[in-house]
Each structure stands twice: as C-alpha cells, then as structure tokens.
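Spelled out, the chains give:
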Amino acid sequence: MNDDNRAAAARAERAAAALFGRDRASQALGMRITGVRPGWARVTMRVREDMLNGHGVCHGGMLFALGDSAFAFACNSHNEATVAAAAAIDYLAAAREGDELTAEAAELWRTRRNGLYEIVISNQRRERVALFRGRSYRIDGQVAGEE
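A brief structural summary. (Residues numbered from 1 in each chain as written. Predicted model: local features only at pLDDT ≥ 70, side-chain atom pairs only at ≥ 80, totals over all residues. Heavy atoms only, no water.)

1. Describing the overall build of the protein
Right, so step 1: Looking only at helices and strands, one finds three helices and six strands in the protein.
Right, so step 2: Listed N to C, the secondary structure of the protein is α-α-β-β-α-β-β-β-β in terms of helices and strands.
Right, so step 3: Its C-alpha radius of gyration of 15 Å places the protein within 12% of the 15 Å reference for a compact globule of 147 residues.
Right, so step 4: For the protein, the C-alpha atoms occupy an extent of roughly 50 × 30 × 25 Å along the three principal directions.
Right, so step 5: Contacts in the protein between residues at least 24 apart in sequence constitute 65% of all its contacts with a sequence separation of at least 6.
Right, so step 6: Of the roughly 7,800 Å² of accessible surface on the protein, a fraction of 48% belongs to carbon and sulfur atoms.
Right, so step 7: Charged side chains of the protein number 20 positive and 19 negative; the gap between the two group centres comes to 2 Å. (Helix = DSSP H or I, 4+ residues; strand = E, 2+ residues; numbered from the N terminus. Rg over C-alpha atoms; globule rule 2.2 N^0.38 Å. Contact = heavy atoms within 4.5 Å. Areas by Shrake-Rupley, 256 points an atom, 1.4 Å probe, with all protein chains shown as cover. Lys, Arg positive; Asp, Glu negative; His and termini not counted. Charge placed at Lys NZ, Arg CZ, Asp CG, Glu CD.)

Structure, rendered in structure tokens:
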C-alpha cells in the first residue's frame, strides 16, 4: 500500500470513528463497524427480541436503519460531511431473532457533491436479506475535523 492509500485508509477510519461516536441511534441498536475504507463500509447488528414486528420477524425499519448506517459510514469515509438525499430498500428474506446481520456498503459513483451507494444486507449464512441503495449529498465541513 502506498502512502496515498495509507492516508486515505487512515482518513476513512478516523471519519467512521468520529461519526459513530456521535451516532446514538446506531449505538442503541447494537451496531458495530467491522470494516471501513474509502467508499466502503461494513456494519453488523444482531437481531434482538425488541427488533421483531408483529409477525415475529425483524422489523423492516431495523433493516433499513442497518443499511442506512452502513451507507452513512461509506459516504462519509472521505471525511467530507455527507448526508442522505434519497434511499430505497428491497426486502428479500426474513431476518429472525438471533440472526447476525451484515450490511456491506460500496460506492458506485461519486462526484464533488453527489454519490450513489449499494448496500447488501446478509445474515450469518451469507443469505441476502435486503438490498439498499442510497444517494448522498455533500454538505459543507468535515466529519473528523479539519485536515
């Protein structure tokens, strides 16, 4: 890895740590960042009893929240303050209590102000549970302080 790649990786880690440190929602849902690099992030969450809907499966809003958090860490990994402009999700399979879900977010396209990200949410058996797509918009400022 060259010096530019090392600096970008360190920047992504600093930005993710700073953003997660202020993200009370992701923390309350038990999410963990298990990987981050420029334009990419992986976040995990275990489905708890209090996350189940009336059918006894994981509430779709919880899956959306997991995908949205992975999206946030990926699009802010360049340490440029970025927010969601749009997002959509397709539910593919039920997630159940005790499932360990992983959301892997990848940058598909990015310009100075906009980005497009695809997030795949899978269970511990690597079965796809949902597909999330987000469009980002860059605002002023940085996530982890001035560089």
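2. Thoughts on the layout of surface pockets
Gaps between atoms show up when a probe of the same size as a water molecule is rolled over them.
Right, so step 1: The volume enclosed by the largest pocket comes to roughly 210 Å³.
Right, so step 2: As for the largest pocket, its lining consists of 14 residues, of which A72, N76, T82, V83 and A84 are closest to the centre.
Right, so step 3: Of all elements in the fold, only α3 (60-75) and β3 (82-91) reach the threshold of two or more residues within the lining of the largest pocket.
Right, so step 4: Ranked by the residues each element gives to the lining of the largest pocket, the list is headed by α3, at five residues.
Right, so step 5: Looking at the lining of the largest pocket residue by residue, the class counts come to nine nonpolar, three polar and two charged. (1 Å grid on protein atoms, 1.4 Å probe; cavity = no way out; pocket = protein on both sides within 12 Å on 5 of 7 lines; lining within 4 Å. Points joined across faces, edges and corners; volume = space filled by probe spheres on them. Nonpolar A, V, L, I, M, F, W, Y, C, P; charged D, E, K, R; others polar.)

3. A few points about the nonpolar core
Right, so step 1: Grouped together as the largest cluster of nonpolar side chains are 32 residues, with contacts concentrated most on M45, L63, L66, A95, L101, I119 and I121.
Right, so step 2: For this core, the elements supplying multiple residues, two or more each, are α1 (3-22), β2 (40-46), α3, β4 (100-110), β5 (114-122) and β6 (128-138).
Right, so step 3: A total of seven residues in this core trace back to one element, the largest contributor, which is α3.
Right, so step 4: Setting aside its immediate chain neighbours within four residues, L101 contacts V43, T44, M45, V47, L63, L66, A95, I121, S122, N123 and V129. (Core = buried A, V, L, I, M, F, W, Y, C linked by side-chain atoms within 4.5 Å. Buried < 20%, exposed > 50% of the residue type's maximum accessible area, 1.4 Å probe, protein only.)

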